[in-house]
Amino acid sequence: MKVSGGVRSFFCLVLGLALLGGVWASTTAGASAREQSTPGTLKIAAEQEPSCMDWIGSCAGSSWGIWAAGIETLPQALTVTPAGDYIPSSVLAGEPILEIGSPQKITYNINAAAVWSDNTPITSTDFEYTWKQITTGKDIYDKTGYEDIASIDTTDPKVAVVTFSEPFSGWRDLFGGFSFILPSHLLEGKNRAKIMKDGYSFSGGPWKLEGGKSGWKKTKSITLVPNQNYWGDKPLIGTVIFQFITESASEIQAVKSGQVSSAYPQPQIGALDQLSENPELKYEVSFGSVFEAFWLNAKAFPMDSLAVRKSLIYATDRQAIVDEIVKPSVNEGRVLQSFIVPTFPQYYEPAFSIYGTSANLSKVNELMTADGWKKGSDEIWAKGGRKAEFDVQTTAGNEARELTEQLWQSQLAQAGFKVTIKNPSADVLFGINGPKGRFSAALYAQVGTPDPSLCGIFCSANIPTKKNGFVGNNWTRLTSAAIDTPWTAVDSELDRTARTISVKEGQNALAAEAVSIPLYQKPNIFVWNTAQIGGPLQDNPTLGPFFNLNLWYLK
Amino acid sequence: MTRYVGRRILAAIPVLLLASLLVFVLVRQFGADPARTRCQQSRDLKCLARTRVQLGLDRPLPVQYVDFMGDFVQGDWGTSERTDQSVAESIGIALGETAQLAFWGVAFSSVVAISVGVYSANKAYSPGDYFFTGLAFAGIAMPTFWFGLICINYLTFHLKELLNTNEVIFFSIPNATGHGAINGFRELALPVLVLSVQLVAGWSRYQRSSMLDELDSDYIRTARSKGLTRRRVVWKHGLRNSLGALVTVIAIDAGALFGGLIVTERVFSRPGMGTLFLNALGNGDSAVLIPWMIVTGVFIIIFNLFADILYGVLDPRVRVA
Amino acid sequence: MSSFDEHRQIRESGAAIAGSVGSTALIDEATSELVIVRSQWRSVARRFFHHRVATLALLIFILLALAALGASFISPYDPNPPLTASVLSSARESPSAQHLFGTDKLGRDQLSRILVALGQSLQVGLGVALLSTIIGVTVGSLAGFYRGWIDALLMRFTDLFLVLPALAVLLIAAKNPEPSFFGLFDLPPATSTEGMILLLAALGWMPMARIVRGEYLSLREREFVEAARAAGAGGPRIILRHLLPNSVGPIVVFATLEVGLAILTEATLSFLGAGVQIPAISLGNLIADAEDTVGTDLAYLILFPGLVLFLIVLCANFIGDGLRDALDPRARK
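Residues numbered from 1 in each chain as written. Chains lettered and ligands numbered in written order. Predicted model: local features only at pLDDT ≥ 70, side-chain atom pairs only at ≥ 80, totals over all residues. Heavy atoms only, no water.

Description of the overall build of chain A
Along its length, chain A carries 15 helices and 22 strands. Here the C-alpha atoms of chain A give a radius of gyration of 27 Å, agreeing with the 24 Å that 2.2 N^0.38 yields for 555 residues. The principal-axis extent of the C-alpha atoms belonging to chain A is close to 90 × 85 × 50 Å. Here chain A holds 555 residues, and the buried ones make up 60% of them. Within chain A, residue pairs in contact and separated by at least 24 positions form 67% of the contacts whose partners lie at least 6 positions apart. On chain A, roughly 20100 Å² of surface is accessible, and the fraction owed to carbon and sulfur atoms is 54%. Considering chain A, the positive charge centre built from 47 side chains and the negative charge centre built from 54 side chains are found 7 Å apart. (Helix = DSSP H or I, 4+ residues; strand = E, 2+ residues; numbered from the N terminus. Rg over C-alpha atoms; globule rule 2.2 N^0.38 Å. Buried < 20%, exposed > 50% of the residue type's maximum accessible area, 1.4 Å probe, protein only. Contact = heavy atoms within 4.5 Å. Areas by Shrake-Rupley, 256 points an atom, 1.4 Å probe, with all protein chains shown as cover. Lys, Arg positive; Asp, Glu negative; His and termini not counted. Charge placed at Lys NZ, Arg CZ, Asp CG, Glu CD.)

In structure tokens form, the structure reads like this:
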């Protein structure tokens, strides 16, 4: 059988087209990866890509987006220092003036020099627009606090007077925190979400996205260039590229080899040893406001008994968990004794120190027997024919959490409790089991700040029920006046001193009610190459380590 | 021919529709609630209800499906339920990424597979042949995810230590810092290697078998008996005629790669179709998953069709009907 | 059938071992009658053992299976020990005399854990092969013999699954935490061994059915079938006494390949997080848990589970190859 010439040429044509296609595919991909390696370029590894850049929308809600692009490009009224203090940012001319009373009023004096990247001044109208967008705009992530605002006086363009209808104690996060002041002159009357979600060309901060939307190369990087019209400390670097390196081990390699100059990787065992191998690298371990804890479902047997809950805490060797899980990765760590983290020393109260840090089995025996429990022949506590057995859940595939669970299971077994591990995927845990209360104990992280306060996760008003469509973040499901009173007060108390008293009282109440077992603050590692960059580099647990990127310089 | 193509395409449409319906129902029933994922860390308790209405998740399932498919067939692929990013854009970017890996994987594997197959057929039952047969078996039994991690462990990290270089030689993640052909090679070397293990294993065996069939056939024996040298016979006739069958196999396997690189992309952190699928699945994002299924299905159908046509063209004995 | 369609069959079955899979070796052509004689099986066995690699593979497979069964004898450590201080203190130890495969981050002996995981893999592999063979042979027989709507349905069904990427479909289906058989009764979820077997068999019987169908299509034209029909034999009798025994070759070969394929698929699903969850151990989730040890001294936590996985699948495939040769010596090696 002969293959005809016609067929042969058809064949060659096909191969040729395929080759062309492949070359095209590789060159277009290569082109997009072809970053401009101009002098004056700083490369930083970003562990997560933001889902969208419409910061006040629900599509956002990712820290990395805020750290890498949000705070660099948009103004906030108050900014948070590494020590956790709220101070006025460069947008304000001084401290905002708070009038406690009826009604609560805050006066923001806007810096006369503050302008947007197109030289339009930042005015009180921008405050008003931001407030109106958040309360009435499309797809808003968090309206808390803004809904308590009655009006904003914009008669003086450089003075915004915010009047509240209800007192709101977390006011320092308004026009800041995880939202920003938006440019009304560019967005008024337009579709804010559509304009911002894929990147935007305007700026009110030291940086702007290079080329607007094209500064965010999806799946690859975010590129920032200085905002020439920034009135504050102008950036000292020509271009900053945040590269998405989602894999921790590769991130560490990239910074170790100098491919990137800085990173903020998730801690993992051996990471610090790796980083120490390069003498040019400096790293800072910090403990932020995110903490890990065991959460007990007070509506599930046997957690409905206070004595059992307390016994569980006494049975848990929290120090061992810190030693096995946290110390191997960052060489340090300590047991967390409250749900407010010690990063806020003015509010922190080590309420859980009453339980010690290691296991106290005699206390367990004391409490359980007093509650009517008896150990069966299998060494498991039993009462009224029911054994003290329950399940613990966490996000499947998260190694540190799985190890923590297995440690806890062993510890509790020694104390007479039978724990079964049943891990669903993250979306099932957070989407179904948590809200619907289909768990006895769960291991996951929460944020421990006084602002927003812990009422969201501990007050009885926030228990998800069938009636409210399973909405609410208090998955421990305990209704307790001892907890509700101080924490509800915290949300409305404006007087600093009174507030501090309530916060401390609230922490003690949480320790007494034992609905949750705080373990440790999650560590962060901030690493940078001292041979490549200089400046006041330090981690900021709230705003991320790049909060003062405009003060960094290349060596 | 046109009728045949047309009929195949028409037959494919109900299959794709059924697949999309299946995916939609499964994801809605058992997948995550994208509205919950978005509002998860918000202290605003009304965020969930607002977002559900916004995304249209409060409507009855049939309404959601029909509405979605209606827009889809008219070209409006909408936005991701989790990220609000344009689905068409996301799939486009992911396709480009996967196509790049698939192209180089197929190109490299074809060359290696043909060489190995021809050699094995030529020197059938020799020690060399047995060696390659063993490798092929190893390739088929190889767990992709494990092989990928092993390659990274030794060829990325250990090699760097061994040669005492500053940077790694072969990247284990997409190289975002460099440009040019050399960096492209360093970036694709390991993923292509991992991908080619399975492809080469199957293709080389097929090529060997199909070439042995050719070499055994009457016309070859006739040519040999007429005095043509073995070399001429093997290369000119045996290869060319058996190549046709292999090309169709390559086409079919290539078509399956667009949805079939989930593990490789995961291990090498490549933002292609596989990663897009895993993320969307974790988010319960049916707005991305349905177009994903349809696009990968279309690629499989197109490449299969192409393979059928090619085979018909190359081997007139097969009726393309 | 053209060799292209044959290949398609092989492609669909996921087994990329080339060569024809057809087998008609057991028909006594002279009498046009099917005769399965004892000596035939013996000669099959002889031909199998002549294939040295397959024999070795069978040996290794049996050894591994025995090791998995007798895990507690081989390795004195508890695969899921209570995490006492003494256990924790032996964490992260490289392979040594006390711990042949080293210990993991919590000090648990890897060899014990791998053996337990191997046992689970074997259960899944053999279970899936058995179940999908039963379903596939049944459906394929009916489709191949009776043709008609069963055949049409089978073809449409396999077409549907040809168009969908297999792993993607499995990942979506595995998400179901409370599967049920069309709402009639509950099934175990994919995160349990039984559930995994059901899931993989439910989505993996099609290639076997296609193969059996194909065999029957070619066999039913043979004279001995005509003869049987003329003698008054009904459908089921013809299927069971004539067609099925003659298709044993491809069925057995493919079932063996199915074992390796199922083991690999289960490991992949577990690696991606869709299979068994801790504290249950799978070769896949052992590797997933150790993923961040890449490039570190702990990389042996990835190496050994994967080697065992690779080895068991390799053996299963070689056994399949040996069986293919043994059952059909006329097929090209």
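Details of the overall build of chain C
Secondary structure assignment for chain C yields 14 helices and two strands. For chain C, buried positions account for 58% of its 333 residues. Contacts in chain C between residues at least 24 apart in sequence constitute 71% of all its contacts with a sequence separation of at least 6. Total accessible area on chain C stands at roughly 14000 Å², and carbon and sulfur atoms take up 64% of it.

Some words on the pairing of strand E18 (residues 418-421) of chain A
Residue and element names in this part refer to chain A. Residues Val419 and Ile421 point to one face of E18 and are all buried, whereas Lys418 and Thr420, pointing to the other face, are not buried. As defined by bridge partners, strand E17 (residues 389-394) adjoins E18 across four bridges and the pair is classed as parallel. Bridge assignment links Phe390 to a residue of E18, and that residue is Val419. What joins E17 to E18 is helix H11 (residues 399-415), and the crossover it makes is right-handed. (Pairing = 2+ DSSP bridges. Right-handed = clockwise from strand over helix to strand, strands pointing away.)

So, the interface of chain C and chain A
In this assembly, 18 residues from chain C lie in contact with 18 residues from chain A. Taken over both partners, the interface formed by chain C and chain A buries close to 1700 Å², and the fraction arising from carbon and sulfur atoms is 53%. Contact with chain A buries surface across chain C, with Leu83(C), Ile278(C) and Asp292(C) losing the most and accounting together for 28% of the total. Across the chain C-chain A interface, the total number found is one salt bridge. For Lys175(C), the salt bridge goes to Asp427(A), with nearest N and O atoms at 3.3 Å. Linking chain C with chain A are two residue pairs in polar contact (both at pLDDT 80 or more). Considering only residue class, the side of chain C that touches chain A consists of seven nonpolar, five polar and six charged. (Buried area = accessible area lost by both parts, 1.4 Å probe. Salt bridge = Lys/Arg side-chain N within 4 Å of Asp/Glu carboxyl O. Polar contact = N/O pair within 3.5 Å; in protein donor to acceptor, adjacent residues only side chain to side chain. Nonpolar A, V, L, I, M, F, W, Y, C, P; charged D, E, K, R; others polar.)

Here we look at the sheet that holds strand E5 (residues 105-109) of chain A
Residue and element names in this part refer to chain A. Read from one edge of the open sheet, four strands run E4-E5-E7-E6, paired in antiparallel fashion. Every interior strand has two partners, whereas the edge strands, strand E4 (97-99) and strand E6 (149-153), have only one. Along the sheet, successive strands turn relative to each other by an average axial angle of 15°, direction set aside. In terms of strand pairing, E6 meets strand E7 (residues 159-164) through four bridges, oriented antiparallel. Each residue of the ladder has a partner; that of Ile149, found in E7, is Phe164. Strand contacts of helix H3 (residues 124-136): E5, E6 and E7, with the helix running at about 155° to E6, the strand carrying the most contacts. (Axes fitted to C-alpha atoms, helices over the stretch in contact; angles between N-to-C directions.)

Some points on the pattern of salt bridges
If you walk through the whole model with that rule in mind, you get 37 salt bridges over all chains. Across the pair Glu81(B) and Arg28(B) runs a salt bridge whose closest N-O atoms are separated by 2.8 Å. Here Arg28(B) lies in helix H1 (residues 2-30) and Glu81(B) lies in the loop between helix H4 (61-73) and helix H5 (87-122), a separation of 53 residues in the sequence. Here Glu291(C) makes a salt bridge to Arg266(B), at a shortest N to O gap of 3.0 Å. Of the two residues, Glu291(C) sits in the loop between helix H13 (283-289) and helix H14 (300-327) while Arg266(B) sits in helix H11 (residues 262-267), which places them in two different chains. Classification of Glu291(C) by relative accessible area gives buried; the value is 16%.

Let's talk about the interface of chain B and chain C
With 54 residues of chain B in contact, the opposing surface of chain C contributes 50 residues. Counting the surface lost from both chain B and chain C, the interface buries some 4800 Å², and carbon and sulfur atoms represent 75% of this. Counting the surface chain B buries against chain C, the share from its top three residues, Phe137(B), Phe145(B) and Trp146(B), is 15%. Linking chain B to chain C there are one salt bridge. Run the count over chain B and chain C and you get four residue pairs in polar contact (both at pLDDT 80 or more). Classifying every residue of the side of chain B that touches chain C by side-chain character gives 38 nonpolar, eight polar and eight charged.

A short note on H3(A)
All names here are of chain A. In this model H3 runs 18 Å from its N-terminal to its C-terminal C-alpha over 13 residues, within 8% of the 18 Å that 1.5 Å per residue would give. Within the span of H3, buried status applies to Ser124, Asp126, Phe127, Tyr129, Thr130, Trp131, Gln133, Ile134 and Thr135. Buried residues in H3 make contact with E5, E6, E7, helix H4 (184-187) and helix H5 (192-196). (Expected span 1.5 Å × (residues − 1).)

Considerations on the packing of aromatic side chains
All names here are of chain A. Overall, the coordinates contain 51 aromatic pairs over all chains when judged by the stated rule. Ring centres 6.0 Å apart and planes at 25° place the aromatic pair Trp295 and Phe339 in the stacked group. Separated by 44 residues along the polypeptide, Trp295 in strand E13 (residues 281-296) and Phe339 in the loop between helix H9 (318-330) and helix H10 (361-370) bring together distant segments of the chain. Comparing Trp295 with Phe339 shows no difference in burial state: the two are buried. The interplanar angle of 85° and the centroid separation of 5.3 Å between the aromatic rings of Phe339 and Phe352 together place this pair among those described as edge-to-face. (Phe/Tyr/Trp six-rings, centres within 6.5 Å; stacked < 30°, edge-to-face > 60°.)

Focus: the sheet that holds strand E15 (residues 381-383) of chain A
All names here are of chain A. Pairing is antiparallel across the open sheet formed by three strands, whose spatial order is E14-E15-E16. Since the sheet does not close on itself, it has two edges, and those belong to strand E14 (374-375) and strand E16 (386-387), each with one partner. When E14 meets E15, the two strands line up antiparallel, connected through two bridges. Within the sheet, the bridge partner assigned to Lys375 lies in E15 and is Trp381.

What about the confidence of the model for chain C?
All names here are of chain C. Per-residue confidence for chain C gives a mean pLDDT of 81, with 86% of residues at or over 70. When the criterion is pLDDT under 50, residues 1-37 qualifies, and its contacts beyond four places in sequence or with other chains add up to 86 contacts. Among the prediction metrics, the complex's ipTM stands at 0.90, with pTM recorded as 0.88. (pLDDT = per-residue confidence, 0-100.)

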